[in-house]
Amino acid sequence: MIEAKDIHVVFNPGTAIENKALRGLNLSIPQSQFVTVIGSNGAGKSTILNVLAGETRVDAGSVKIDEENVTDWATDRRSSLVARVFQDPMAGTCESLTIEENLALAMGRGTKRGFGHAVTTERKEIFCEKIKVLGLGLENRLEDKMGLLSGGQRQAVSLVMATLNPMKILLLDEHTAALDPKTAAFVLELTEMLVQEGQLTTMMVTHSMRQALDHGQRTVMLHEGRVVLDVEGDQRKGMKVEDLLHMFEKVRGQEIDDDKLLLG
Amino acid sequence: MSLIAFLGAIETGLLFGIVALGVFISFRILDFPDLTVDGSLPMGAATSAMLIVNGVNPFVACLCAIIAGAGAGLVTAWLNVRLGILHLLASILTMIALYSVNLRIMGKPNQALLGEETVFTPFEAMIDLPYYWVTPLVLLGIILIILVLLNLFLSSELGLGMRATGVNARMASAQGIKTGKMKMMGIALSNGMVALAGALFAQIQGGADISMGVGVIVVGLAAVILGEATFSTRTIILATVGCVVGSILYRVVVALALNADFIGLQAQDLKLVTAVLVVLAMTLPGARQKMAKRKLVKGALK
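Just so you know, these numbers come straight off a predicted model, no measurement behind them.

Trainee: Kindly report on the nonpolar core, identifying the contributing residues and their values.
Mentor: Membership of the largest hydrophobic core comes to 154 residues, with the highest contact counts inside it found for A:Leu52, A:Met203, B:Val19, B:Ala20, B:Leu196 and B:Ala197. Ranked by residues supplied to this core, first place goes to helix α9 (residues 179–205) of chain B with 16 residues. Apart from the residues within four sequence positions on either side, B:Ala197 is in contact with B:Leu15, B:Phe16, B:Ile18, B:Val19, B:Leu41 and B:Gly44.

Trainee: So what about the interface of chain A and chain B? Which residues, and what values?
Mentor: The interface of chain A with chain B comprises 26 residues on the first partner and 19 residues on the second. Counting residues per element, the ones that place at least two in the side of chain A that touches chain B are α2 (75–78) and α3 (99–107) of chain A. The element that contributes the greatest number of residues to the side of chain A that touches chain B is α3(A), accounting for four residues. Each residue belonging to the side of chain A that touches chain B can be placed in one class, and the counts come to nine nonpolar, 11 polar and six charged.

Trainee: Kindly report on the sheet that holds strand β1 (residues 2–11) of chain A, identifying the contributing residues and their values.
Mentor: Residue and element names in this part refer to chain A. Across the sheet, which stays open at both edges, the four strands sit in the order β2-β1-β4-β5 with antiparallel pairing between neighbours. Strand pairing shows two members of the sheet lacking a second neighbour, β2 (19–29) and β5 (68–69), which therefore form its edges. Summarising the sheet, strand β4 (residues 60–65) and β5 pair through two bridges and their orientation is antiparallel. When the sheet's bridge partners are listed, isoleucine 65 is paired in β5 with glutamate 68. Each of β1, β2 and β4 is contacted by helix α1 (residues 45–53), which is oriented at about 115 degrees to β1, the strand it contacts most.

Cut-off values and rules
- Going along each chain's sequence as written, the residues are numbered from 1 onward.
- All chains are assigned letters beginning with A, and all ligands numbers beginning with 1, in the order in which they are written.
- Totals for whole chains, interfaces and linings use all residues, but because this is a predicted model, local features are given only for residues with pLDDT of at least 70 and pairs of side-chain atoms are given and counted only at 80 or more.
- What makes a nonpolar core is a set of buried Ala, Val, Leu, Ile, Met, Phe, Trp, Tyr and Cys residues, with links drawn between C-beta atoms within 7 Å.
- Each residue is classified by how many other C-beta atoms fall within 10 Å of its C-beta atom, where C-beta atoms are placed from the backbone; a count of 20 or more means buried, 12 or fewer means exposed, and values in between mean partly exposed.
- By the criteria applied, helices consist of DSSP H or I runs no shorter than four residues and strands consist of E runs no shorter than two, each listed in order from the N terminus.
- Two residues qualify as a contact pair if the distance between their C-beta atoms, derived from the backbone, is within 7 Å.
- Residues were grouped as follows: Ala, Val, Leu, Ile, Met, Phe, Trp, Tyr, Cys and Pro as nonpolar; Asp, Glu, Lys and Arg as charged; and all remaining residues, including Gly, as polar.
- By definition, two strands form a pair when at least two bridges between them are found by DSSP.
- Angles shown run from 0 to 180 degrees and are taken between the N-to-C directions of axes, each axis being a line fitted to C-alpha atoms and, for helices, limited to the stretch in contact.

No statement about biological role is implied by the geometric values presented.
Here is the structure:
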């Protein structure tokens, strides 16, 4: 169970470019649920993801993972509970290390790193097996440098890396946004498979309403740093992109009305 | 060039191979331009020289030199990681501070080691060869041990974490690597190795001198770059061996240049030649690529 309570994040406070990215956001994700998060630019999608990962510190509010208060945990400490795939395929892997070294790094997540050899024969076998699932033939290229792979291949390996060790939540940060449509579909399919296989608690941030409705069990819409729409189950099942768009506009309209009320 | 001069060049090349490996860790693995080495080399020399003249076993003296150098590196990394001072500036600050520290260690600008027992003494008795063979052989042994240990470390889980820190710090911390600690550990290791080189240097040339560290960083960098230019960097093992090869190559080339009277170079031109060499080595690969591309474009337009 992931619980974010009354989260406030302000960037550049007290300056002309002050930005209240999150304004009292509440979100709880039960175990094994796959949540998709949508919202326009600046709605706070990436910020909440970074808050859960520990990369962005909150100005108010708390983050709990399985009843443990992790609000003050830095990224490296939180990594034992949180796995993530970055938007930029370059960001999630080390290009000058080999594929197997990258996988070995991911296998160290949540464990204590010592002087033992990182790429052992047993581990190589595990890597081979895990990477074979991708169907990209990368199992024969484990000793190749990561930088030789295409963006889509790197993102696929990133997914395998993220799911190598157990986690409490998997964070996907628009992880198909930088890919061409065909590769994006492949990576999404792979995501579905890995999430279902491991019954992973997952939060996927996306720009595409289509993606948000097609994947997972629940869709959350953010606007101006708050959750404005939260649908799951039957209500979500019958939803089309137009419905979502309509609701989105309705929410936005109300916001403007609120502002008018306040100003008046 | 005489055999003695040639072996002398090899000897210095091997010695500065240790420096090159240290520089490789900071510049290449951690992407941390660290000038502390200009201070930690004489620090290692001063520490070991003072201990040896006070009757301490030379091997223990070398160990103390390593610890002193590692401490200096730790200060630089701490200034950067914990206090947020720019890495280059942090290292310059430590380097300047070490000048005073080194003077304090010796109590004077230099310390002679003539006639004292050094780490080479027992081997001189053991190996039945002239002195100019013994030192390079012992150094070769030392550098082989360092290479093996370093490569074991760099392919360990901890070492992999250090390499990831230098390449992609954001990804590293997302994988649970404490990037700040990694930097501190790496810079300490780097300067510990450079200080060891300083300690050995003092014992070879018969004394420590406050100014022996001037330009060490450039010499180390020259060796690293020369190694990359002449040797494959495909794997970490090859890259580290390349540093040592680069260092030896650099010394041999310099010795040849100084020996060739027709060029008119003298010993005092060494630092200038080194700086020019580094500039060339850093810009030539880029220029060559541009030329090659221009040729390809021309071919495509035809």
